[in-house]
Amino acid sequence: MGSKRVKPLSSKAALPFKTGNKFRRQDLHVKQKKARDTERRDERFKRKREEDRDPELRRERLAKNVPITIDKKRVWDEVDGDDLGISVDVEQLKRRRIEEAEAAEQEALQDEEEEKEDDVDSMLDSDSGSEEDEEEPKSARQRASSNAPSTTSTNLDLTPSSLALKFPTLFSDEPPPVPKILLTTSLNSTLHREAHLLCTLFPNTTYIPRSSHRYGHKFSLREISKFATNRSYTTVILLKEDQKKPTGLTIVHLPEGPTCHFSIANWVEGKKLPGHGNPTNHYPELILNNFRTPLGLLTARIFLTLFPPQPELQGRQVVTLHNQRDYIFVRRHRYVFREKKETEKSVIGPDGKPVKGVEEIRAGLQELGPRFTLKLRRVDKGVGRAGSDGPDKVQWEWKAGMEKKRTRFNL
């Protein structure tokens, strides 16, 4: 049998001899571990010096040492559809459909050119038409690309037409109105403080507690939604609790739905966060990250309607909803641009070089809270399950078998 070649250790890293004394063995083992750590540290600093002299070595190493995560192994359904239950990348789907349409147009043009080969006038008309088609995209002004573009931002312009047909009030061409939100809780809830925190998170929100008093009427979610629609509310949010902790969030888009049911986990109030700040009444900016499927775009659109379209930049507040493996992480921060300290590095662009113009500027973040994690459980077509009609009243529902394949995600 061939022996496996092992990298020889230094004289310090190898045990000089075997001893029967237990304390002596422990001492030798500690010395051996320190020697190995010193050796790795020397190799790391040596590699750093070489990469400082030749930056190409660093780029080659980073290109080769890409970590393989579950997100990198994500798989998509091999279907050409855009239903809510299908896991397809909307951007790739739209690109593929555009390529197919262009290929069909080219085939049709080639057939016309072959048929009208002798007709000079028709050839001139086709040339002029093609020139006009080529000049149209040139006249349209494209938005300048960012120095460090985000690879996870959500593009709501890729929304499939089937979603707009199913939910016309949600995906309308008209500019969205300023949200007016009615927030309530389950019957006899004790989550008054958490409800007031959500009122600070979602602007223009009114909190009305619910009670099951003997002389009071126990209004259902459907009746509350009808009451809110008659008073020009755009959204109803229902906060659910279990053992005096928030466990669920139901968002109803008025007047006709849809209704999204979320579960809440890892709720942390802002005052329990180290170094937290206090929020102000300014309209925050909104960041939607990594919503890529039709169901993800529907979820992102629901959250988009909860925030005003024009944020107040003087407040310097930003709300982030980051989707990762079908969990939506909700965070709220305040940012500030300050001068770079001597011990800090400049902002590095995607090419590995400092971004020009901001070499002496850094951005600081302060979390305001609350922070929590959402998971989508069900999507109803109308106002709740009772207010939805037809065989497709439940558009999508989470089931335990969906997580059997760990590399397939729904959002």
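Before reading further, recall that the structure is shown in the block above.
The sections below set out a description of the structure shown in this document. Along each chain, the written sequence defines residue order, and numbers are assigned to residues from 1. Totals for whole chains, interfaces and linings use all residues, but because this is a predicted model, local features are given only for residues with pLDDT of at least 70 and pairs of side-chain atoms are given and counted only at 80 or more. To get the side-chain values, take all heavy atoms of the structure and skip hydrogens and water.

Looking at the overall build of the protein chain
So, point 1. Looking only at helices and strands, one finds 8 helices and 11 strands in the protein chain.
So, point 2. Expressed as a percentage of its 411 residues, the buried residues of the protein chain come to 34%.
So, point 3. Residue contacts are defined here by distance: any two heavy atoms, one from each residue, within 4.5 Å place the two residues in contact. A fraction of 65% describes how many contacts in the protein chain between residues 6 or more apart in sequence connect residues 24 or more apart.
So, point 4. For accessible areas, the Shrake-Rupley method is used with a probe of radius 1.4 Å. Any residue's cover is judged against the shown protein chains and nothing else. For the protein chain, the exposed area adds up to about 27,700 Å²; of that, 50% sits on carbon and sulfur atoms. Secondary structure elements are defined from DSSP: runs of H or I of at least 4 residues count as helices, runs of E of at least 2 residues count as strands, and each element is numbered from the N terminus. Partly exposed describes any residue whose relative accessible area lies between the buried limit of under 20% and the exposed limit of over 50%, with all areas from a 1.4 Å probe on protein chains only and scaled to the type maximum.

As for the side chain of Thr184
So, point 1. By secondary structure assignment, the location of Thr184 is in strand 1 (residues 181-185).
So, point 2. Polar side-chain contacts of Thr184 include one of 2.9 Å to the backbone oxygen of Ile208.
So, point 3. Aside from chain neighbours lying at most four places away, what touches Thr184 is Tyr207, Ile208, Pro209, Arg210, Ile224, Ile237, Leu238 and Leu239. Side-chain atoms alone can form a polar contact between residues adjacent in sequence; in general such a contact is a pair of N or O atoms within 3.5 Å, and within protein one must be able to donate a hydrogen while the other accepts it.

What to know about the nonpolar core
So, point 1. The set of buried Ala, Val, Leu, Ile, Met, Phe, Trp, Tyr and Cys residues whose side-chain atoms join them within 4.5 Å is what this entry labels a nonpolar core. Counting 45 residues, the largest nonpolar core has Leu198, Leu249, Phe262, Phe303, Ile328 and Leu374 as the members making the most contacts within it.
So, point 2. It is helix 8 (residues 294-304) that contributes the most residues to this core, 6 residues altogether.
So, point 3. With residues up to four places along the chain from it excluded, the contact list for Leu249 reads Leu198, Ile237, Leu238, Leu239, Cys260, His261, Phe262, Ile264 and Leu374.
So, point 4. Membership of the second largest hydrophobic core comes to 9 residues, among which are Ala228, Tyr233, Val252 and Val383.

Examining helix 7 (residues 221-230)
So, point 1. Along helix 7, the residues classified as buried are Leu221, Ile224, Ser225 and Ala228. For helix 7, the angular spread of buried residues about the axis comes to 100°, placing them on one side. Facing away from the buried side of helix 7 by over 90 degrees, the exposed positions are Lys226 and Asn230.
So, point 2. The inward-facing, buried residues of helix 7 abut strand 1, strand 3 (235-242) and strand 4 (245-253).
So, point 3. Where helix 7 ends, the next residue or the one after it, Ser232, has phi of about 65°, a positive value. It is the directions from the helix axis to the C-beta atoms whose arc is reported.

Re the pattern of salt bridges
When the charged atoms of two side chains lie near each other, side chains of opposite charge can form a pair.
So, point 1. The term salt bridge refers to a side-chain nitrogen of Lys or Arg lying within 4 Å of a carboxyl oxygen of Asp or Glu. Under the counting rule described, the total for this entry stands at 17 salt bridges.
So, point 2. Note that Glu51 and Arg61 form a salt bridge whose closest N and O atoms lie 2.5 Å from each other. A residue pair is termed long-range when its members are at least 10 positions apart, and Glu51 in helix 1 (residues 22-53) and Arg61 in helix 2 (residues 55-64) qualify at 10 residues.
So, point 3. The exposure class assigned to Glu51 is buried, which follows from its relative accessible area of 5%.
So, point 4. Exposure remark for Arg61: the relative accessible area of 28% places this residue in the partly exposed category.

What to know about unusual backbone geometry
So, point 1. With an omega dihedral of 10°, the bond running from Leu254 to Pro255 counts as a cis peptide bond.
So, point 2. Positionally, Pro255 belongs in the loop between strand 4 and strand 5 (259-268).
So, point 3. One non-glycine residue, Lys244, lies in positive phi territory at about 60°.
So, point 4. Counting through the fold element by element, Lys244 comes out in the loop between strand 3 and strand 4.
So, point 5. In this structure, Arg316 takes a positive phi of about 55° despite not being glycine.
So, point 6. Within the fold, Arg316 resides in the loop between helix 8 and strand 7 (317-324).
So, point 7. Overall, Arg316 belongs to the partly exposed group, its relative accessible area being 31%.

A word on the side chain of Ser189
So, point 1. With respect to the helices, strands and loops of the structure, Ser189 is situated in the loop between strand 1 and helix 6 (192-201).
So, point 2. Assessed through its relative accessible area of 7%, Ser189 is described here as buried.
So, point 3. Only 3.2 Å separates the side chain of Ser189 from the side chain of Glu241, close enough to count as a polar contact.
So, point 4. Those residues within four positions of Ser189 in sequence are excluded, and the remaining contacts are Arg210 and Glu241.

Points about empty space enclosed by the protein
So, point 1. Cavities and pockets were defined on a 1 Å grid built over protein atoms only: a cavity is a set of grid points that admits a 1.4 Å probe from which the probe cannot escape, a pocket is an open set flanked by protein on both sides within 12 Å along at least five of seven lines, and lining residues are those with an atom within 4 Å of any such point. Grid points are joined across faces, edges and corners, and a volume is the space filled by probe spheres set on the points. The full count for this structure, using the stated rule, is 2 cavities of 30 Å³ or more.
So, point 2. What the largest cavity holds in volume is close to 50 Å³.
So, point 3. If you trace the largest cavity, you find it lined by Leu201, Phe202, Leu249, Phe303, Phe307, Val319, Leu321, Val330, Phe372 and Leu374.
So, point 4. Only strand 7 and strand 10 (371-380) provide two or more residues apiece to the lining of the largest cavity.

A word on a negative patch on the surface
So, point 1. A grouping of Glu107, Asp111, Glu112, Glu113, Glu114, Glu115 and Glu117 is seen on the molecular surface, where their side chains present a negatively charged patch.
So, point 2. Within the secondary structure, Asp111 is located in helix 3 (residues 90-115).
So, point 3. The exposure class assigned to Asp111 is partly exposed, which follows from its relative accessible area of 42%. Two joining distances apply to patches: 9 Å for like charges and 5 Å for nonpolar side chains (Val, Leu, Ile, Met, Phe, Trp, Tyr), and every residue must have over 30% relative accessible area and no salt bridge. In summary, the charge assignment counts Lys and Arg as positive and Asp and Glu as negative, without counting His or the chain termini. Charge coordinates come from a single atom per side chain, which is NZ of Lys, CZ of Arg, CG of Asp or CD of Glu.

Describing the packing of aromatic side chains
So, point 1. Centres within 6.5 Å are what make two rings of Phe, Tyr or Trp a pair, Trp counting through its six-membered ring; a difference in plane orientation under 30 degrees is then read as stacked, over 60 as edge-to-face, and the rest as tilted. Scanning all chains against the criterion turns up 4 aromatic pairs.
So, point 2. Aromatic pair Phe262 and Phe303: ring centres 5.4 Å apart, planes at 45°, arrangement tilted. With a gap of 41 residues between them, Phe262 in strand 5 and Phe303 in helix 8 connect regions that are remote in the sequence. Like Phe303, Phe262 is buried.
So, point 3. Seen from their ring centres, Trp267 and Phe372 are 5.2 Å apart, and the 20° between their planes marks the pair as stacked. With Trp267 in strand 5 and Phe372 in strand 10, this pair connects stretches of sequence that are 105 residues apart.
So, point 4. Judged by relative accessible area, Trp267 falls into the buried class, the value being 17%.
So, point 5. The rule for a charge over a ring is simple: NZ of Lys or CZ of Arg within 6 Å of the ring centre, and within 35 degrees of the ring normal. One residue, Lys180, lies across the ring of Tyr233, its end atom 4.6 Å from the ring centre.
So, point 6. One Lys or Arg, Lys375, reaches over the ring of Tyr327 and ends 4.3 Å from the middle of that ring.

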